[in-house]
Amino acid sequence: MRWILIGVLSVALVGTAYWGYAQKQDKQTLAIAAENDYQRAFHNLVYYTDELEDHLATVLAMNTRKQLSPKLAEVWRVTSLAQSELSELPLGYLDLTKTKQFLYEVGEFSYKTAVRDLDEAPLTEKEYNILKNLYEYAQDVQKELRKTQASLIKQNLKWLDIEKEMAAQSEPLDNSVIDGFHIVDERMKGYSETDWGAEMSKMTVKSEKDLKARLKSE
């Protein structure tokens, strides 16, 4: 009887150890997957801000409607992608209202201008100045996120660790990634005072399919 009891306890001990090991492996697998998703979202965000800055620079150099509308559609598409990637990052504890507003309104302005008949209603001087303003702020965002990306890579920072730091908030955070996003949002204060004027009417951005159909029909 004693040996049977010892055998049962041994089996139970081995089973518990295996269960604990399996649980640990599952947690590690999930953590790796989450970290990879965060890293992908961040590097994609940096890529799309590069694209945004490049597209806006190209728009400013154009002067024909046939060229301008498709390129503005690209600006809208890139800002939509950037917004999506930003929302994937564990930055819920940071106030990034102005950065999100910037991306949203760049997309709004680009979309509305892209679908407009630019032969009948070409860009006004005020709209051109708005585009110049957006380009300058896009440059600021791109440069700061590039610095943040370099710091993330150099210091081998993990997004899961950054998320834990923000969640704890037990002491002032000394993290170059968090600082980088803070700087970006602070620089958007000046942008938020942009006077859009009557040209920026209230309307909801439609789907990319609708935009492509509109451009194709012209």
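If you're wondering where the values come from, they're calculated on a predicted model, not measured in any experiment.

## Description of the packing of helix α3 (residues 97–114) against helix α4 (residues 125–154)
Geometrically, a packed helix pair is captured by the angle between its two axes and the distance between the axes. Across the interface, α3 lies against α4 with an axial gap of 11 Å and an inter-helix angle of 145°. Two packed elements cross with a definite hand, and for α3 against α4 that hand is left-handed. Between α3 and α4, the contacting residues are Phe102, Val106 and Phe109 on the first element and Glu127, Ile130, Leu131, Leu134, Tyr137, Ala138 and Val141 on the second. In the contact of α3 with α4, the residues fall into nine nonpolar, no polar and one charged.

## Here we look at the side chain of Glu144
You can see Glu144 is positioned in helix α4. Among residues more than four places away in sequence, those in contact with Glu144 are Gly180, Ile183, Val184 and Arg187.

## Notes on unusual backbone geometry
Despite not being glycine, Asn156 shows a phi value in the positive range, around 55°. Residue Asn156 is classed as exposed on the basis of its relative accessible area, which comes to 51%.

## Comments concerning α4
In this model, α4 (30 residues) spans 44 Å end to end at C-alpha, consistent with the 44 Å of a helix rising 1.5 Å per residue. Asn156, located one to two residues past α4, shows a positive phi value of around 55°.

## Topic: the packing of aromatic side chains
Applying the stated criterion across every chain yields a total of five aromatic pairs. Here Trp159 and Phe181 contribute two aromatic rings whose centre-to-centre distance is 6.4 Å and whose plane-to-plane angle is 65°, an arrangement assigned as edge-to-face. With a gap of 22 residues between them, Trp159 in helix α5 (residues 159–168) and Phe181 in helix α6 (residues 176–191) connect regions that are remote in the sequence. Comparing Trp159 with Phe181 shows no difference in burial state: the two are buried. Here the aromatic cluster, defined as three or more aromatic residues joined through ring pairs, consists of Phe42, Trp159 and Phe181.

## Quick word on the confidence of the model for the protein chain
Mean pLDDT over the protein chain works out to 79, with 71% of the residues at or above the 70 mark. Between the elements of the protein chain, mean pLDDT differs from a low of 50, seen in helix α7 (residues 208–216), to a high of 91, seen in α4. Per-residue pLDDT stays below 50 along residues 201–208; that stretch engages in 13 contacts with residues further than four places along the chain or on separate chains.

## Some words on α3
Between its terminal C-alpha atoms α3 stretches 26 Å, which fits the 26 Å expected from 18 residues at 1.5 Å a residue. Counting buried positions along α3 yields 13 of 18 residues, so the element is predominantly enclosed.

## Here we look at the pattern of salt bridges
With the rule as written, the count across this model stands at six salt bridges. One salt bridge in this structure joins Arg116 and Glu127, with 2.7 Å as the shortest N-O distance. Linking Arg116 in the loop between α3 and α4 with Glu127 in helix α4, this pair joins segments that are eleven residues apart in sequence. Across the salt bridge formed by Glu144 and Arg187, the nearest N and O atoms sit 3.6 Å from each other. In this pair, Glu144 is assigned in helix α4 and Arg187 in helix α6, connecting sequence segments 43 residues apart. In this structure Glu144 comes out as buried when scored by relative accessible area, which is 6%. Among the residues examined, Arg187 registers a relative accessible area of 35% and is labelled partly exposed.

Conventions adopted
Going along each chain's sequence as written, the residues are numbered from 1 onward. The predicted nature of this model means local features are confined to residues of pLDDT at least 70 and side-chain atom pairs, given and counted, to a pLDDT of 80 or more, with totals for whole chains, interfaces and linings taken over all residues. Derived side-chain values reflect all non-hydrogen atoms in the structure, with water molecules and hydrogen atoms excluded from consideration. Axis definition: a line fitted to C-alpha atoms, over the contacting stretch in the case of helices. Angles run 0 to 180 degrees between N-to-C directions. Helix and strand assignments come from DSSP, with helices taken as H or I runs of at least 4 residues and strands as E runs of at least 2, each series counted from the N terminus. Definitions for this section: a left-handed crossing has its near helix turned counterclockwise from the far helix by less than a right angle. A right-handed crossing has that turn clockwise. We call two residues contacting when some pair of their heavy atoms lies within 4.5 Å. Throughout this entry, Asp, Glu, Lys and Arg are counted as charged residues, while Ala, Val, Leu, Ile, Met, Phe, Trp, Tyr, Cys and Pro are counted as nonpolar. The remaining residues, Gly among them, count as polar. The buried label applies to any residue whose accessible area, calculated with a 1.4 Å probe on protein chains only, is under 20% of its type's maximum; exposed applies above 50%, and partly exposed to all values in between. Given the number of residues in a helix, its expected span is that number minus one, multiplied by 1.5 Å. Here a pair means two rings of Phe, Tyr or Trp (six-membered ring of Trp) with centres within 6.5 Å. Their orientation is stacked below 30 degrees between planes, edge-to-face above 60, and tilted elsewhere. Confidence scores labelled pLDDT are given residue by residue by the predictor and lie between 0 and 100. Criterion for a salt bridge: a side-chain nitrogen of Lys or Arg within 4 Å of a carboxyl oxygen of Asp or Glu.

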